[in-house]
Amino acid sequence: MERLAPLKLADTTWDNVGVLVENPKPNGSNRVMLTIDLTPEVLNECLEKRIEVIVAYHPPIFTGLKRLNLKAPKQAIVLRTIAEGMSIYSPHTADGMNDWLARIVDPEPKSCVPIVPSEPALVAALGLEANTTGMGRLVRLASPIPFSVFVDRVKRGLEVSSVRVCTPKSWGSGRSDAEGKLISTYAVCAGSGTSVFRSLKSSVDVVLSGEMGHHDVLNYVFRSLKSSVDVVLSGEMGHHDVLAAADGGQAVVLCEHTNTERGFLKAKLQPALQLALEDTNVEVLVSSVDHDPLQPW
């Protein structure tokens, strides 16, 4: 995991990454489970499949714990993993996911660069190519595509049946007008992209993320009037914030937070980790019950 997603690339000023639970008596099953969230359902799946190491993208231990007891659900999960010989690892903001997310619309864009690049000295120390790691991605397509095609590619790439869309009046009076709007640039940030999008300095057509706070979206929308942003793609916004974005000339596309992250596990992380462990008898699995808590009805 350190080779695939170096922890030095994570934002440890607030994040909690790496080995979160190191079991003193591992169960020795040599089975790894990948999941976005370590929920009770995922834990039960891990118990059924006798998992030894859980790689949970979101850290199940995020803030300091003063005690461990079975009454608190998250603490109960930690205690159960220890009792069953399982360990927990979390990569979270270590790099990798945004490259995958950026390319679900176009696998070979004209350019794809970090919105907030990693420190050059750190990149050099890790032996990585300059301007390839960091938070978010700013993507320029080789040629413009209609907004309808953009949305279809997002849904197909994230394997979701629907996203929520609001288009501004400036794009036309009906859906057919909006569908034909040409998109040439977009910004992405897996999960919650608010703080990353604040750093945008280039004109983009689409901002792709899993989540932004209401007022952060409003602030972004008003600032984006200066940078010709056509679309804000995020996880959630309040009703009046959506109206404000539309009044400001931006379309809004909402995907839900973890829907912008989950596909990375099967598409990229599982095969890469299995390949890295090819000289061992370790089996890498992806949770079949992990899902976004918000579901379309």
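Residues numbered from 1 in each chain as written. Predicted model: local features only at pLDDT ≥ 70, side-chain atom pairs only at ≥ 80, totals over all residues. Heavy atoms only, no water.

Q: Looking at this structure, how should I read the pattern of salt bridges?
A: Opposite charge on two side chains makes pairing possible when the charged atoms of those side chains draw close. Evaluation of the coordinates by the stated rule reveals eight salt bridges. Arginine 137 is the partner of aspartate 99 in a salt bridge, and the nearest nitrogen-oxygen pair spans 2.7 Å. Here arginine 137 lies in strand β8 (residues 137-146) and aspartate 99 lies in helix α3 (residues 97-102), a separation of 38 residues in the sequence. A relative accessible area of 24% means that aspartate 99 is categorised as partly exposed. Given the relative accessible area of 0%, arginine 137 is considered buried. The closest approach of N and O atoms between arginine 175 and glutamate 179, which form a salt bridge, is 2.9 Å. With arginine 175 and glutamate 179 both in helix α6 (residues 175-179) and four residues apart, the pair spans about one turn of that helix. Linked by salt bridges that have partners in common, Asp99, Arg103 and Arg137 make up one network. (Salt bridge = Lys/Arg side-chain N within 4 Å of Asp/Glu carboxyl O. Helix = DSSP H or I, 4+ residues; strand = E, 2+ residues; numbered from the N terminus. Buried < 20%, exposed > 50% of the residue type's maximum accessible area, 1.4 Å probe, protein only.)

Q: Got a minute to help me understand the environment of valine 78 in this structure?
A: Mapped onto the secondary structure, valine 78 falls in helix α2 (residues 73-83). Sequence-wise, valine 78 and isoleucine 88 are ten residues apart; in three dimensions their C-alpha atoms are separated by 8.6 Å.

Q: Is there a simple way to think about the packing of helix α1 (residues 40-48) against α2 in this case?
A: Helix packing for two helices is described by the angle between their axes and how far apart those axes are. Here α1 crosses α2 at 10°, and the two axes come no closer than 11 Å. In terms of orientation, α1 and α2 fall into the roughly parallel class. Every residue of α2 that contacts α1 at Pro40, Leu43 and Leu47 is listed here: Ile77, Arg80 and Thr81. Looking at the contact of α1 with α2 residue by residue, the classes come out as four nonpolar, one polar and one charged. (Axes fitted to C-alpha atoms, helices over the stretch in contact; angles between N-to-C directions. Parallel < 35°, antiparallel > 145°, perpendicular 65-115°, else oblique. Contact = heavy atoms within 4.5 Å. Nonpolar A, V, L, I, M, F, W, Y, C, P; charged D, E, K, R; others polar.)

Q: Where do I start with the nonpolar core in this structure?
A: Nonpolar side chains in soluble globular proteins generally cluster together in the buried interior. The biggest cluster of nonpolar side chains holds 40 residues, and the ones touching the most others in it are Leu34, Val105, Phe147, Phe150 and Leu158. Where this core is concerned, the elements lending two or more residues are β2 (31-35), α3, β8, α5 (147-158), β10 (182-192), β13 (251-254), α10 (262-276) and β14 (283-286). Ranked by size, the runner-up nonpolar core spans 16 residues in total, among them Leu20, Leu38, Cys46 and Ile61. (Core = buried A, V, L, I, M, F, W, Y, C linked by side-chain atoms within 4.5 Å.)

Q: Any chance you could explain the pairing of strand β4 (residues 87-90) here in plain terms?
A: Within a regular strand, the side chains alternate between the two sheet faces. Across the two faces of β4 the burial is the same, with Ser87 and Tyr89 and Ile88 and Ser90 all buried. Here strand β1 (residues 18-21) runs beside β4; their pairing, made up of three bridges, is antiparallel. Across the sheet, the residue bridging to glycine 18 is serine 90, located in β4. Regarding topology, α2 serves as the crossover connection from strand β3 (residues 53-56) to the parallel β4, and that connection is right-handed. (Pairing = 2+ DSSP bridges. Right-handed = clockwise from strand over helix to strand, strands pointing away.)

Q: Explanation requested: the pairing of β10 in the structure shown.
A: For β10, the buried fraction is high: eight of the eleven residues fall into the buried class. Judged from the six bridges that link them, β8 and β10 form a sheet pairing that is antiparallel. Following the sheet pairing, arginine 137 is matched in β10 by valine 188.

Q: Would you take a moment to explain the sheet that holds β2 for this structure?
A: Read across the open sheet, the five strands follow the order β1-β4-β3-β2-β14; overall the sheet is mixed. Every interior strand has two partners, whereas the edge strands, β1 and β14, have only one. Each strand axis lies, on average, 25° off the axis of its neighbour in the sheet, ignoring direction. The sheet contacts of α10 involve β2 and β14, and relative to β14 the element is tilted by about 170°.

Q: Would you explain the packing of aromatic side chains in this entry?
A: Describing an aromatic ring pair means giving the distance of the ring centres and the angle of the ring planes. Tallying each qualifying case throughout the model produces four aromatic pairs. Summarising the aromatic geometry, the rings of phenylalanine 150 and tyrosine 186 are spaced 5.4 Å apart at their centres and angled 70° between planes, so their arrangement reads as edge-to-face. Taken together, the residues span a long stretch of sequence, with phenylalanine 150 in helix α5 and tyrosine 186 in strand β10 at a distance of 36 residues. Considered together, phenylalanine 150 and tyrosine 186 belong to a single accessibility category, that of buried residues. (Phe/Tyr/Trp six-rings, centres within 6.5 Å; stacked < 30°, edge-to-face > 60°.)

Q: What am I meant to see in the confidence of the model for the protein chain here?
A: Where the model shows low pLDDT, its predicted coordinates should not be examined in detail. Mean pLDDT over the protein chain works out to 85, with 83% of the residues at or above the 70 mark. For the stretch residues 221-227, pLDDT sits under 50, and the model shows 13 contacts to residues farther than four places along the chain or on other chains. (pLDDT = per-residue confidence, 0-100.)

Q: What is the right way to read unusual backbone geometry from this model?
A: Across residues other than glycine, the phi torsion is negative in most instances, and most of the peptide bonds are trans. For glutamate 159, which is not a glycine, the phi torsion comes out positive at approximately 55°. Within the secondary structure, glutamate 159 sits in the loop between α5 and β9 (164-166). Within the chain, glutamate 256 stands out as a residue other than glycine whose phi angle is a positive 85°. Residue placement: glutamate 256 occurs in the loop between β13 and α10. Note on glutamate 256: relative accessible area 14%, which makes it buried.

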